[in-house]
Amino acid sequence: MALLADYILTHLVYLSILVIFAAGVVVLYGLAGVFTLGHQGFMAIGAYFAAGIACLMPAGGSPILAAALLVASVIAGVGGAVAGGLLLTGPSVRLRGDYMALATLAFAEILVALIRNTEALGGMRGLDVASLLPRASGSARLPILGTYALASVAMAAGAVLAVQRLGRSRLGIALRALRDDELAARSMGLENRRARLISFTMGAGLCGLAGCLYAHFSGHVSPRDFGFVQGAMVLLYVVLGGSTAVGTVCAVAVVYFLDEGLKLRCFGLLTGGLGDALVNWKDAILAGLLIALLAWRPYGLLTANRLRSEP
Amino acid sequence: MSGALEPERPHTELSHEPPVLAGSRLTKFYGGVAALERVSLEIPPGEVIGVVGANGAGKSTLLNLLTGAIRPDDGEVYVGGRPMNGQSPAAFAHAGVARTFQKLRLFPSLTILENVCVAMPSTERWSLRSALLRGRSEVGREEDERARGLALLRLVGLEDRAKHLIGNLTYGQRRLVELARALAREASVVLLDEPAAGMNANEERQLCDVLIRINQARHLALLIVEHRWALLRRMAHRALWLSDGRVVQEGAPESVFAAILDSAGVITR
Amino acid sequence: MSYLLTQLGNGLMLGCMYGLIAVGFSLVYGVARLMNFAHGEFFMVGAYGALFSAELPLWRWGNGAGATMFWTLVISVLVSAASGALVSVLVERLAYRRIRRVSRTATFLVAVGASILLQQIGFKVFSASPRGFPDVCTPVVVAAPTLSGWLQPSAGLPCEVAVTSQLQAVALSPSGTSAVTFVVLAFAVWGALFFVLRTDTGLAIRAVSIDEKSARSVGIRPQPAIVITFAVGGALAGIAGFLWSLRYGGVQPLMGFIPGVKAFVAAVIGGVGSVTGALVGGLLLGLLETLSFAYLPGEVSGYRDAVTLLLLLVFLLIRPLGLLGRQFGEAA
Amino acid sequence: MVRPRWKALVGSLGFFLLPLLGAGCRQEQQPVSRNEGAVDPAGSGKSVRLGAVLSLTGPAGTMGGESLNGLKLAIEDINARGKVHLDLRVYDDKTDPNEAAKLIQQVVQVDRVQAIVGPSTSPNCLRTGRLIQDLAVPAMTPTATNAGVTQSGEYMSRVCFIDPFQGEALAQFARKDLGFRSAELIVDKANDYSVGLADSFRSTFKKLGGEIVGEMTYSTGDADFAALIAKAARSEAQVLVIPGWYSDVGLMLRQAGRKWDKFTLLGGDAWDSPQLFELSGGNIHNAYISTHYAVDEPNPRVQGFVNRYIKVYKLKPGGFAALGYDTGLAFEDAILRAKSLTPAAIKDAINSIRGLQGVTGEITLNSNRDAVKPATIVEVLPNGYRFKTRISG
């Protein structure tokens, strides 16, 4: 049974990192109303800052130094991502809808292309992240993995709660008003410059945090992890989740369940030919299913179609 | 309220402070076509002024200019006597101008109560800390806003639907929500763009009652762009006839209406 | 001197291919306000269509090698255009039609989903391993006295001048494929321009893209126009797929993604919605990439992808309409 | 309708736990638990569950595919001999390092294998090295030659030689046998294998008095090499060294046409695939590569393997097929000597493989768990390979 617990805990950590990343996108897309395709760029900044600071660790460094570096790497990662986010507030005022999507996409792809071509950052092959956290190996694997899982789930829950509270707060309501109809909201006295600044900071910061956790836990970062499709998938979770934090968590769970289910041959129920076919056609089936889900509920699985809320 | 819509003009004497909202020689071109040409008007506090005219006469353009939605090509807009030279709609709102829209523009993702409360003037600046931590003062302010919001909804008779989303309301009810949102601004003047459009008879009477009560209770000035003269006859102190972007006639509603009928060759007496 | 000419030739050809794909993007965005991310896969489907038609030994009409090559090429172009158009229309019908009017973000995500779905189907149907494109055109040497005199091939670099009578195009390349590619490209580009700018259907498509409501009011039914646009866009992408695999030789299910993104950048730079803009954007991109590789030192040339995207960002910020684009009304 | 709030969250919690619990019920169906050896039904041999995580699709598709064919052939022979029974599960990581990491975790923790074959490519091995070490399950890669692969820990081993040795052999061959003084390097900067091999060739070639006149880079999966070909055509080097994968090199050679006729071409073992000929359209002349064995070697063991492979798969086996076969032999040898069938015991047995006679020569694992073997240089013909020489370590 121990092996299975190991499998579950590892996936729990990756799931929590995905939820934190999605929470960031909920703030950017759900609250600030930015049609973002570049949020994977913020995660990349977080991950590479964390990796960069982690490798300052001397070989035999003491655990206190490791803890200090860990905190420094998270602060640097989140700070870098927030700086990236603020960079985008400028164009976000002038560009609308599709063009803002293109600008964010270009931002993320430029970032990844630069990483791909600088040898110092490991180029396309990526960087190994020096392990500041004790490595989960040998006999102590399960307890260490357990603490990581607990910590990451706690952080994910904290992120979701924070975004939920932001959404409920007066700032959140103002943001959503500005997103629904900017002229009407501004005619009611809502100033969008400051609101945009705050929401970009929080959104990009959460994506950067997800990047830091990913770097430290997986031990390796490469441009391949922050590609365009990963970003689009997270935006899909947010759209299916009706642009709310809680809804997005449901969407992440549903899609993850489908993905794992198909990969594990429907949890061992379909061994043999059908099981193999399922595994082979996993991605095709998943893509087809997601298109169907979107066509059926374009504003989120749980919101009726007539309650149109679209940036 | 008695059944028939008989003329019953509110008797507020017109004080001599600076006009709550004024426009002098307002001009706006759309690709060579003069949507509005040298239109001037002043709205003293507490006065109800009706603007009438054919579609495309520039009524909505005038309203957009007076609320900062669009910038004039020439002329100046003054709010409470201060020039607003091209400021943002939010600045107009803070200076005391509220409005509704010809095409309904409510916030679909917010509940009805949130739609109203979002417009309430708030002095303190937003910060992430206050949004997330929400100390006692923050919660207190929210309670107070909610109470005021519910009061406004009670005023328009929609208090029981506070938690609902826009999708569940009839067109007339949505119009009333938009009015409540404008009133939530606690502005000195409210500009209404065809508020009664799409309303049935009793909804329209309800709207009239609300407007009259607000005008008298809060000494609130109103500018109403409307085709239904009956409503203006009941409420407006003055009327303005716009045609092809120019002011044709201004004065008591009855005289303006009579002039319109004369020009259209209709024998009135 | 001939090194510059060769690289210019390379850049021109790459640019034309990006341009052909970009035309499809621009037309579809113009008419349906839809960022069709699955467009790269129509390019891939066209390549496979051409691959199967080129491998068929049936086209042995006529006797000489020239005749065989000619017929194989013609059939391949037709098959690649048809397969690209067919898949494009299918995707519009199944994935986009209903969702398009409902939500912009969902439409975009459906496009990404369709792209992944087509790639996966490609993996299963066409087998995952890359396949070599048969060398269809044996080197064709047609020299016109006037031009060859002017172009003295420099010492050591064997070069061949292929000149066709109708089109005075100079393609300096050792093998015939470049010459043939250039000719087919020229016809495809000319065909695209002619269709959109000169024919009535082209006029209807442009009308719908400028303002669907007014187009509808003068009796143009937007839905057929949109279907035709998808078909034409898909056909052009299919032809580009065929030419790409003819020139670069490899055909594999993921080949459509990178050229698709590059063509997307070209469409935006050129000005989304305008055919000439897409072509100009494509040429600009192709030349920029090739020349930056040719003249920048080894390590720096790796940054050309970043440079291309920087160009896109600059255009978006300063001139979102692109070089030749124009303002778009609200979504239909 | 009030906005959905808590009923959604409760619903999702159900979904949340299902994928993870579900994996549990799969666990119960596995009768055989990991550590005690089960008696093989056919005879007295020990039965071991083997997980193969190879690149069957993507740019390194034939590298994984061919080595899998060789491995299956070896397992048939081994199971027929009856001393050991190998039960193989195969997974395709699509030449993507992240997919390889996920599959290794799944194959160890869900399929409960006792040893892993793979990953196929150097980038995938480097990405999963630490994970394999943490999971404590022995992994033997048939084809990854980058030097850093086995440095991740004692659980990672291989049956092929390593790039530093292969680069040295190529440099010696170019400098001494062919007598070249100047070379141009064309490196795939997105691939550790290519960068590693180029580094060792560069250092050895310079040590032997040769000169690197220029270097150019491309990325795995590029299709348009026109600009690169024209730029290389201007180089005064005598030999072009292209340590890339067959999928890119094939397109490069096809597009080069006759522009590169004046050069001799040198490549590494990643050229060695039937796809190279299809992709390049036979447009290869005057090219040599270092690889693991030569198809036309007179040695009876080699010819026996080649004939059986052609009979079963109707294709001439390349270097990767031979390595796949030898990986099978290596596992058989290790399992027979292993004290028990626990992953740790199998790991120790693998690390002490000495003098195993395989198709690609005698396999001895050194302290780094790399195979110390000679490199075979073969000449690349438009449709096959011909033995040229052998350079030992």
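Every value quoted in this text rests on a predicted model; they were computed, and no experiment measured them.

Rules behind the numbers
Residues numbered from 1 in each chain as written. Chains lettered and ligands numbered in written order. Predicted model: local features only at pLDDT ≥ 70, side-chain atom pairs only at ≥ 80, totals over all residues. Heavy atoms only, no water. Helix = DSSP H or I, 4+ residues; strand = E, 2+ residues; numbered from the N terminus. Buried < 20%, exposed > 50% of the residue type's maximum accessible area, 1.4 Å probe, protein only. Contact = heavy atoms within 4.5 Å. Rg over C-alpha atoms; globule rule 2.2 N^0.38 Å. Areas by Shrake-Rupley, 256 points an atom, 1.4 Å probe, with all protein chains shown as cover. Pairing = 2+ DSSP bridges. Axes fitted to C-alpha atoms, helices over the stretch in contact; angles between N-to-C directions. Right-handed = clockwise from strand over helix to strand, strands pointing away. Parallel < 35°, antiparallel > 145°, perpendicular 65-115°, else oblique. Nonpolar A, V, L, I, M, F, W, Y, C, P; charged D, E, K, R; others polar. Expected span 1.5 Å × (residues − 1). Bend = angle between axes of the 7 residues up to and from the residue. Polar contact = N/O pair within 3.5 Å; in protein donor to acceptor, adjacent residues only side chain to side chain. Phe/Tyr/Trp six-rings, centres within 6.5 Å; stacked < 30°, edge-to-face > 60°. Lys NZ or Arg CZ within 6 Å of the ring centre and 35° of its normal. Salt bridge = Lys/Arg side-chain N within 4 Å of Asp/Glu carboxyl O. pLDDT = per-residue confidence, 0-100. Left-handed = near helix turned anticlockwise from the far one by under 90°.

Asks: Hey, could you run me through the overall build of chain C in this one?
Replies: In terms of regular secondary structure, chain C is built from 13 helices and two strands. Counting over 332 residues, chain C shows a buried share of 59%. Looking at chain C alone, contacts between residues at least 24 apart form 76% of all its contacts between residues at least 6 apart.

Asks: Before we go on, may I ask you to explain the overall build of chain A in this structure?
Replies: Counting secondary structure elements, chain A contains twelve helices and two strands. Scanning chain A from its N terminus toward the C terminus, one meets helices and strands in the order α-α-α-α-β-α-α-α-α-β-α-α-α-α. At 20 Å, chain A has a C-alpha radius of gyration in line with the 19 Å of a compact globule built from 311 residues. The buried share of chain A, taken over its 311 residues, is 65%. Here the contacts in chain A between residues at least 6 apart in sequence split such that 74% fall between residues at least 24 apart. On chain A, roughly 10,200 Å² of surface is accessible, and the fraction owed to carbon and sulfur atoms is 72%.

Asks: Whenever I open this one, the sheet that holds strand E3 (residues 115-117) of chain D confuses me. Can you help?
Replies: Strands belonging to one sheet form pairs held by backbone hydrogen bonds; the direction of such a pair is parallel or antiparallel. Residues and elements named next belong to chain D. The parallel open sheet is built from five strands, whose spatial order is E2-E1-E3-E4-E5. Every other strand in the sheet has two partners, leaving strand E2 (84-92) and strand E5 (156-158) as the edge strands with one partner each. Here the strands of the sheet are splayed against their neighbours by 25 degrees on average, with no regard to which way each runs. Pairing of strand E1 (residues 46-54) with E2 involves nine bridges; the strand directions are parallel. Within E2, the residue paired with Gly51 across the bridge is Arg89.

Asks: How should the pairing of E1 of chain D be read in this particular structure?
Replies: Regular strands have side chains that alternate between both faces of the sheet. Residues and elements named next belong to chain D. Most of E1 is tucked away, with seven of its nine residues classed as buried. Assessed by its sense of winding, the connection that carries the chain from E1 through helix H2 (residues 61-81) to E2 is right-handed. Of the pairings in the sheet, the one linking E1 to E3 comprises three bridges and is parallel in character. Paired with Leu50 across the bridge in E3 is Ala115.

Asks: I keep staring at the packing of helix H1 (residues 2-32) of chain C against helix H7 (residues 200-210) of chain C and nothing clicks. Help me out?
Replies: Two packed helices can be described by the angle between their axes and the distance between those axes. Residue and element names in this part refer to chain C. Interhelical geometry of H1 versus H7 gives an angle of 55 degrees and a closest axis separation of 6 Å. Between H1 and H7, the angle is such that the two are oblique. Contact residues: Leu27, Gly30 and Val31 in H1; Ile205, Val208 and Ser209 in H7. Looking at side-chain class alone, the contact of H1 with H7 contains four nonpolar, two polar and no charged residues.

Asks: How do you make sense of helix H4 (residues 122-135) of chain D when you look at a structure like this?
Replies: Residues and elements named next belong to chain D. Look at H4: 19 Å from first C-alpha to last across 14 residues, which is about the 20 Å you get at 1.5 Å a residue. Within H4, the axis deviates most sharply at Thr128, by approximately 45 degrees. The element H4 is largely enclosed, with a buried count of twelve among its 14 residues. When we look at burial in H4, the residues that qualify are Ser122, Pro123, Asn124, Cys125, Arg127, Thr128, Gly129, Leu131, Ile132, Gln133, Asp134 and Leu135. Two residues or fewer past H4, Ala136 is found with a positive phi of approximately 55 degrees.

Asks: I'm lost on the side chain of Gln255 of chain D in this one. Help?
Replies: All names here are of chain D. Note that Gln255 resides in helix H8 (residues 246-256). Judged by its relative accessible area of 15%, Gln255 falls in the buried class. In terms of polar contacts, Gln255 uses its side chain to reach the backbone carbonyl oxygen of Ala223, at 2.7 Å. One polar contact links the side chain of Gln255 to the main-chain amide nitrogen of Phe225, over a distance of 2.9 Å.

Asks: Looking at this structure, how should I read the sheet that holds strand E7 (residues 189-193) of chain B?
Replies: Residues and elements named next belong to chain B. Spatial ordering of the open sheet is given by E6-E7-E8-E3-E9-E10, a layout of six strands whose pairing is mixed. Looking along the sheet, the strands with just one partner apiece sit at the ends: strand E6 (97-99) and strand E10 (246-251). Taking the axes of each pair of neighbouring strands and ignoring which way they run, one obtains an average angle of 20 degrees across the sheet. Looking at chain direction, strand E3 (residues 48-52) and strand E8 (residues 221-225) are connected through four bridges and run parallel. From the neighbouring strand, Ile49 faces E8, where its bridge partner is Leu223. Against the sheet, helix H1 (residues 59-66) makes contact with E3, E6, E7, E8 and strand E9 (238-243), and its axis sits at roughly 150 degrees relative to E7, the strand it touches most.

Asks: Would you mind showing me how to read the pairing of strand E4 (residues 74-79) of chain B here?
Replies: Residue and element names in this part refer to chain B. As paired strands, strand E1 (residues 21-30) and E4 are joined by five bridges and run antiparallel to one another. Bridging from a neighbouring strand, Ser24 pairs with Glu76 of E4. Sheet analysis places E4 next to strand E5 (residues 82-83), joined by two bridges and oriented antiparallel. Directly across from Tyr78, in E5, lies its bridge partner Pro83. Between E4 and E5, which pair antiparallel and follow one another directly, the connecting turn spans two residues, one of which, Gly80, has a positive phi of 60 degrees.

Asks: Got a minute to help me understand the packing of aromatic side chains in this structure?
Replies: Both the distance between ring centres and the angle between the ring planes are used here to describe each pair of aromatic rings. Applying the stated criterion across every chain yields a total of 32 aromatic pairs over all chains. A ring pair is formed by Phe43 of chain C and Trp244 of chain C, whose centres lie 5.7 Å apart and whose planes are at 75 degrees; its orientation type is edge-to-face. Of this pair, Phe43 of chain C sits in helix H2 (residues 39-55) while Trp244 of chain C sits in helix H9 (residues 222-248); the two residues are 201 residues apart in sequence, bridging distant segments of the chain. By relative accessible area, Trp244 of chain C is classed as buried at 5%. In this structure an aromatic cluster arises from ring pairing among Phe35 and Phe228 of chain A together with Phe25, Phe37, Phe108, Phe257 and Phe264 of chain C. Here the basic side chain of Lys347 of chain D rests over the ring of Tyr155 of chain D, its NZ or CZ set 5.1 Å away from the ring centre.

Asks: Just to check I follow, could you spell out the pattern of salt bridges for this structure?
Replies: Tallying each qualifying case throughout the model produces 36 salt bridges over all chains. Between Arg224 of chain A and Asp96 of chain D there is a salt bridge, with its nearest N and O atoms 4.0 Å apart. You can see Arg224 of chain A sitting in the loop between strand E2 (220-221) and helix H9 (228-240) and its partner Asp96 of chain D sitting in the loop between E2 and helix H3 (97-109), one on each of two chains. Among the ionic contacts, a cluster of salt bridges with common partners joins Asp259, Lys282 and Asp283 of chain A.

Asks: Hey, could you run me through unusual backbone geometry in this one?
Replies: That bond from Gly118 of chain D to Pro119 of chain D is cis: its omega, -5 degrees, falls within 30 degrees of zero. Locating Pro119 of chain D in the fold gives a position in the loop between E3 and H4.

Asks: Whenever I open this one, helix H7 (residues 226-233) of chain D confuses me. Can you help?
Replies: Because each turn of an α-helix spans 3.6 residues, side chains separated by three or four positions in sequence point in the same direction. Burial analysis of H7 of chain D places eight of its eight residues in the buried class, the great majority of the element. Those residues of H7 of chain D that sit buried are Ala226, Ala227, Leu228, Ile229, Ala230, Lys231, Ala232 and Ala233 of chain D.

Asks: Just checking my understanding: could you explain the confidence of the model for chain C for this structure?
Replies: One rule of thumb: low pLDDT means the predicted coordinates there are not for detailed reading. Residue and element names in this part refer to chain C. Summary statistics for chain C give a mean pLDDT of 77 and a share of 80% for residues scoring 70 or more. Considering only residues more than four positions removed or in separate chains, one finds that residues 139-174, a stretch of pLDDT under 50, has 41 contacts. Predicted complex metrics record ipTM = 0.81 and pTM = 0.84.

Asks: Would you explain the confidence of the model for chain A in this entry?
Replies: For chain A, the mean per-residue pLDDT works out to 85, and 95% of the residues sit at or above 70. Mean pLDDT values over the elements of chain A span from 76, in helix H11 (residues 273-280) of chain A, up to 93, in helix H2 (residues 39-54) of chain A.

Asks: What am I meant to see in the packing of helix H1 (residues 2-31) of chain A against H9 of chain A here?
Replies: All names here are of chain A. Closest axis-to-axis distance for the H1/H9 pair is 9 Å, and the angle between their directions is 70 degrees. Judged on the interaxial angle alone, H9 and H1 are roughly perpendicular. Here H1 runs over H9; the crossing is right-handed. Of the residues in H9, those touching H1 at Leu18, Phe21, Ala22, Val25, Val26 and Tyr29 are Val234, Leu235, Tyr237, Val238 and Val239. Here the contact of H1 with H9 is composed, by residue class, of eleven nonpolar, no polar and no charged.

Asks: Sorry if this is basic, but what is going on with the side chain of Ser120 of chain D here?
Replies: All names here are of chain D. Relative to the elements of secondary structure, Ser120 occurs in the loop between E3 and H4. Among the residues examined, Ser120 registers a relative accessible area of 0% and is labelled buried. Of the polar contacts made by the side chain of Ser120, one reaches the backbone nitrogen of Ser55; its length is 2.8 Å. With sequence-adjacent residues up to four places away left out, Ser120 is seen in contact with Val53, Leu54, Ser55, Met63, Gly64, Thr141, Thr143 and Ala144.

Asks: I tried to follow the environment of Leu88 of chain A on my own but got confused; where do I start?
Replies: By the element assignment, Leu88 of chain A lies in helix H3 (residues 63-94). Separated by 112 residues in sequence, Leu88 of chain A and Phe200 of chain A have C-alpha atoms that sit 8.2 Å apart.

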